[in-house]
Amino acid sequence: MNRTLIDISRLGTDTTWPAVAVEVNSYLQNWLTAANAQVSQHQLRIATAPNPNATATDSCGWRIEATLAQSTPAGVPAVLLLEVFLTGTTLQIRPGIGNSEPFVGADSQQGWVYPAADVGTSSGAWSTTPLPFTAQVGWSLTPGAEYFVFAYSQHRFSNRQAVPLLIARDQVSGHWILAASPPSTSDGLRAVSWNVRSGQPSGSRSLLREPTSTTVQIRRPAELVLVTTDWSYYESANEPAQFWEPLILPPDFASVNLSSAAMSYYKPADGNEWLAIGGHGLLLRTKEATTAQGGQGGLLP
Amino acid sequence: MTYQVFCQVFPAGSWKWTSKDPSGVGMRLDGAFRAFAATVNALPGNADTPLSVIRSHADATANRWGYTWQLGHPIEPAHLWFHVESPTASGVTLQGDTQTYSSGQFGSAKASTFSSNTSNGGYGSYSNSVANSAGLAYIDSTITGATSIGAILLIAQDTTPGREFFCWALKTTGGNDELHRDCCHALYRSPGTKGWCSLAVFPRTSRQSYETVALHGYSGNRFGSLPPAISASLHSNGHQLRSGIAIGHYDLVLDPQGLLDSPPPLIQLPAPLFIGSTTIRGASTHFGKVTRPDGVMLQLGQRSLAHDIWLWLPSGTSHSQASPWMSVFALSYWRECNELHFISGLPPGGLPPVGLQLVTGTADFIRNFPPMSAAGTRQHPQQGTLLFSSAGGGDGGDGSGALARPTTGLLWPRGA
């Protein structure tokens, strides 16, 4: 079975974020090992794993890295970075590009840069105790369409719905997209990937969606609105015009023009079935049209 | 040579939109469109969707000048037009002279609503139509204040079956920047949809408040204007241009046909055109050019308060038109520019075109299961089983592939 969806919902009275994060991390490690074996030109790595002994005020979460085969103009392998940490009562998300190690802790050309000025850090509130939530972990090892996703909903409002981890292969370039959707009413997404055509990192801060004022529409493929760099590897102010290709999530994802929709379930007439995750319209396919009626393509019994 | 780009120059003093002169811009445009229509109408795939000319400059009887084209369709042919009023003694304001008046109209209607008479300056009348105010250039370089204005008419066309594309752009030359006007109108086919699509871009400038980006096409068998999702597809940093973006369907057009249940393909913008904003970077004016190893990008629009539009010419793009049509590369107006970001559409043959799916909320077809309503929760395909079945849901990690849940700390059922 290439695709898996696991429910890790919690009552919350006897669970903590480190326990949840450690459980998610075990799935992530297994998937990541298999994904690295399958996608040899891009190495994924968990640089920092959740600390099971984190206290309520310790940072606890992930730093994920993807070392790409493609090098920067300086000849250094491009490293995509994603940090997702629970710090106190805030879930912090930080996408980035690493030019060199180690991370020097600031937005600098030497260590860590954001894909663009406004694809920097993002955060949202989180209630630690108690921690009741509905949550899912899903992954796929379908060649070319690999992904790993962790999503939760703490209540009906989008400042408590998030996708803390989304690692997926861009359908155009084949590079990894590292992304996360914060628990925020206004902020949709943070993503970083690599654009082959321009030789530049690219980022995103939203899914491409229809206006929310129209009919409920599911848009496929799920496309990220591209934020082209505003710093660029070109040092000269006379930066050349650059050409980019879009960022497309695997076919198991779609977007819907509803917010605060986590855990909504959609059954369009074509036989596909979709589960909404996060607070900004990302859909995860749970049943595929061509193998409908509970066949092998289905993630649900 | 199916993809061609060519142009013609109308110098200051002879450039005149309001003219039936066979060598004038109006009749030259008409001739180019008729030649394109004849070629693509002869293709087997276009038997149901022929293009034709309903009105041209030659039909003008008063102060209205422009064209009306028919988009053929087996169910519902449509008309598109671009008409400009010329100044008259009775005081029609000079086109483009003020920001509060536009005598240019880009419009659309179903062909069945057309009365072919000589009203409206020879252009006939419609019982039901939609029009957008759209400026052109100063319509006549013989008018005071515009005597230094000339123009170029640029045509890009593709007669490859399945990729039919006709685009005309008019760019004025000379004068100062405030007098400059550009306009662009393209007909094209979008993969997976039937009939012609249309895109018209009239950039907004400091002297012209009538910015128009008008998108038309067929949703199912109905012709109508479509909501351009161009803005949603572009990050608002002012230097991105976008091609090939899928722009969706107009659900009010689909609904009467009962098409809400089927996933319609997305209508896309034509691949050669890049639309977006150049407000903060790039060409300072209106004859921008970006030279690449594999081709050249030319600016059809201008740096605008709203949308700019550019055309891609792959290496080797040429033309087979007789003089006075000429190569666009022979023009001296183009200026190399930089700092723009062009985002292409999906690579050809990359991903299959996948449609939008419209999820209705009608009572007899509840397909949206909100998690927080009683009915939605009970029927929820994932949560419903977990919350209401006595077995408590999945296999708890026994590897059967069914839903797995931790064995402790469960929300429901308590103590199971």
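Along each chain, numbering runs from 1 in the same order as the chain's sequence is written. To read the labels, note that chains go from A and ligands from 1, taken in the order they are written. Per-residue local features are limited, in this predicted model, to residues with pLDDT of at least 70; the limit for side-chain atom pairs, both in listing and counting, is 80 or more; totals at the level of whole chains, interfaces and linings are taken over all residues.

Helix and strand definitions here come from DSSP, where helices need a minimum of 4 consecutive H or I residues and strands a minimum of 2 consecutive E residues; each element is numbered from the N-terminal end. Along chain A, the regular secondary structure elements total 1 helix and 21 strands. Counting other C-beta atoms within 10 Å of each residue's C-beta, where C-beta atoms are placed from the backbone, gives the exposure class: buried for 20 or more, exposed for 12 or fewer, partly exposed between. By residue count, 56% of the 301 residues in chain A fall in the buried class. The contact rule is simple: place each C-beta atom from the backbone, and if two of them lie within 7 Å, those residues are in contact. Taking as baseline every contact in chain A between residues at least 6 positions apart, the subset at least 24 positions apart corresponds to 57%.

Let us now look at the overall build of chain B. Along its length, chain B carries 6 helices and 23 strands. Burial statistics for chain B: of 416 residues in total, 48% are counted as buried. In chain B, the proportion of contacts linking residues at least 24 apart, taken out of those at least 6 apart, comes to 60%.

What follows deals with the nonpolar core. To count as a nonpolar core, a set of buried Ala, Val, Leu, Ile, Met, Phe, Trp, Tyr and Cys residues must be joined through C-beta atoms within 7 Å. Within the largest apolar cluster, 167 residues are counted, with the highest numbers of intra-cluster contacts made by Leu80(A), Val149(A), Ile167(A), Leu178(A), Leu283(A), Leu153(B) and Leu154(B). When residues of this core are assigned to their parent elements, the largest contribution, 8 residues, is made by strand 4 (residues 77-87) of chain A.

This part takes up the environment of Ile343(B). Within the secondary structure, Ile343(B) sits in strand 21 (residues 341-343). Judged by the 28 C-beta atoms lying within 10 Å of it, Ile343(B) falls in the buried class. In the structure, Ile343(B) is positioned 23 residues away from Ser320(B) in sequence and 30 Å away in space, judged by C-alpha atoms. Excluding its chain neighbours within four sequence positions, the residues that come into contact with Ile343(B) are Leu226(A), Trp244(A), Pro246(A), Gln240(B), Arg242(B) and Ser243(B).

With that out of the way, let us pick up the sheet that holds strand 17 (residues 288-292) of chain B. Sheet strands associate in pairs through backbone hydrogen bonding, adopting either a parallel or an antiparallel arrangement. Across the sheet, which stays open at both edges, the 8 strands sit in the order 16(A)-21(B)-15(B)-16(B)-19(B)-18(B)-17(B)-20(B) with mixed pairing between neighbours. The strands lining the two open edges of the sheet, one partner per strand, are strand 16 (242-244) of chain A together with strand 20 (335-336) of chain B. When DSSP finds two or more bridges between two strands, those strands count as paired.

Residue and element names in this part refer to chain A. Spatial strand order, 1-8-9-10-11-12-13-15-17: 9 strands in an open sheet with antiparallel pairing. Each edge of the sheet is formed by a strand with only one pairing partner; in this case those strands are strand 1 (3-7) and strand 17 (247-248). To obtain an axis, a line is fitted to C-alpha atoms, over the contacting stretch when the element is a helix, and the angle between two such axes runs from 0 to 180 degrees between their N-to-C directions. Against the sheet, helix 1 (residues 17-38) engages strand 8 (134-140) and strand 9 (147-153), with an angle of about 5° to strand 8.

Moving on to the pairing of strand 5 (residues 104-110) of chain B. Residue and element names in this part refer to chain B. Taken across its 7 residues, strand 5 has 5 buried, putting it largely inside the fold. As judged from the 7 bridges shared by strand 4 (residues 78-85) and strand 5, these two strands associate in the antiparallel manner. Pairing of Phe82 across the sheet is with Phe106, part of strand 5. Alignment of strand 5 against strand 8 (residues 130-133), held across 4 bridges, turns out to be antiparallel. The residue bridging Phe106 from the neighbouring strand is Asn132, located in strand 8.

Take helix 1 of chain A next. All names here are of chain A. The span one expects for a helix is its residue count, reduced by one, times 1.5 Å. For helix 1, spanning 22 residues, the distance from its first C-alpha to its last is 31 Å, which sits close to the expected 32 Å at 1.5 Å a residue. Looking at helix 1, one finds that the buried residues are Pro18, Val20, Ala21, Glu23, Val24, Asn25, Leu28, Trp31 and Ala35. Contacts made by the buried residues of helix 1 are with strand 2 (42-48), strand 3 (60-71), strand 8 and strand 9.

A few words on unusual backbone geometry. In terms of backbone geometry, most residues other than glycine have negative phi values and most peptide bonds are trans. Across the junction of Arg220(A) and Pro221(A), the peptide omega takes the value -5°, indicating a cis bond. Within the secondary structure layout, Pro221(A) lies in the loop between strand 14 (217-219) and strand 15 (223-227). For the peptide bond that leads from Ser323(B) to Pro324(B), omega is 10°, which places it in the cis range. Positionally, Pro324(B) belongs in the loop between strand 19 (308-314) and strand 20. Phi at Asn120(B) is positive, roughly 55°, even though this residue is not glycine. Tracing the backbone shows Asn120(B) in helix 2 (residues 119-122). By the C-beta count within 10 Å, which is 15 here, Asn120(B) ends up partly exposed.

Residues and elements named next belong to chain A. When pLDDT is averaged across chain A, the result is 81; 84% of the residues are at 70 or more. Every residue carries a pLDDT, the predictor's confidence in it, which falls somewhere between 0 and 100. A low-confidence stretch, residues 101-110 (pLDDT under 50), is modelled with 13 contacts involving residues beyond four sequence positions or located in other chains. Note on residues 291-301: pLDDT is under 50 here. Beyond four places in sequence and across chains, it has 19 contacts.

Before going further, it helps to examine helix 1 (residues 25-41) of chain B. Residue and element names in this part refer to chain B. In this model helix 1 runs 24 Å from its N-terminal to its C-terminal C-alpha over 17 residues, within 8% of the 24 Å that 1.5 Å per residue would give. Inspection of helix 1 places Val25, Gly26, Arg28, Leu29, Asp30, Phe33, Phe36, Ala37 and Val40 among the buried residues, and these make up the whole buried set. On the buried face of helix 1, the contacting elements are strand 1 (3-10), strand 2 (51-55), strand 3 (64-71), strand 9 (150-158) and strand 10 (165-173).

With that out of the way, let us pick up the environment of Ile64(A). All names here are of chain A. Along the polypeptide, Ile64 turns up in strand 3. On the basis of neighbour count, Ile64 is assigned to the buried category, with 25 C-beta atoms found within 10 Å. A C-alpha to C-alpha distance of 8.1 Å links Ile64 and Leu178, two positions 114 residues apart in sequence. Excluding residues that lie within four positions of it along the chain, Ile64 makes contacts with Leu44, Ile46, Ala47, Leu82, Ile167 and Leu178.

Before going further, it helps to examine the confidence of the model for chain B. All names here are of chain B. For chain B, mean pLDDT is 78; residues scoring 70 or higher make up 68% of the total. A low-confidence stretch, residues 361-366 stays under pLDDT 50, and its non-local contacts, those more than four residues away or across chains, total 3 contacts. Prediction confidence for the complex, expressed as pTM and ipTM, is 0.85 and 0.84 respectively.

Tracing the sequence through the fold places Gln154(A) in the loop between strand 9 and strand 10 (161-169). Accessibility expressed as a C-beta count within 10 Å gives 20 for Gln154(A), which makes it buried.

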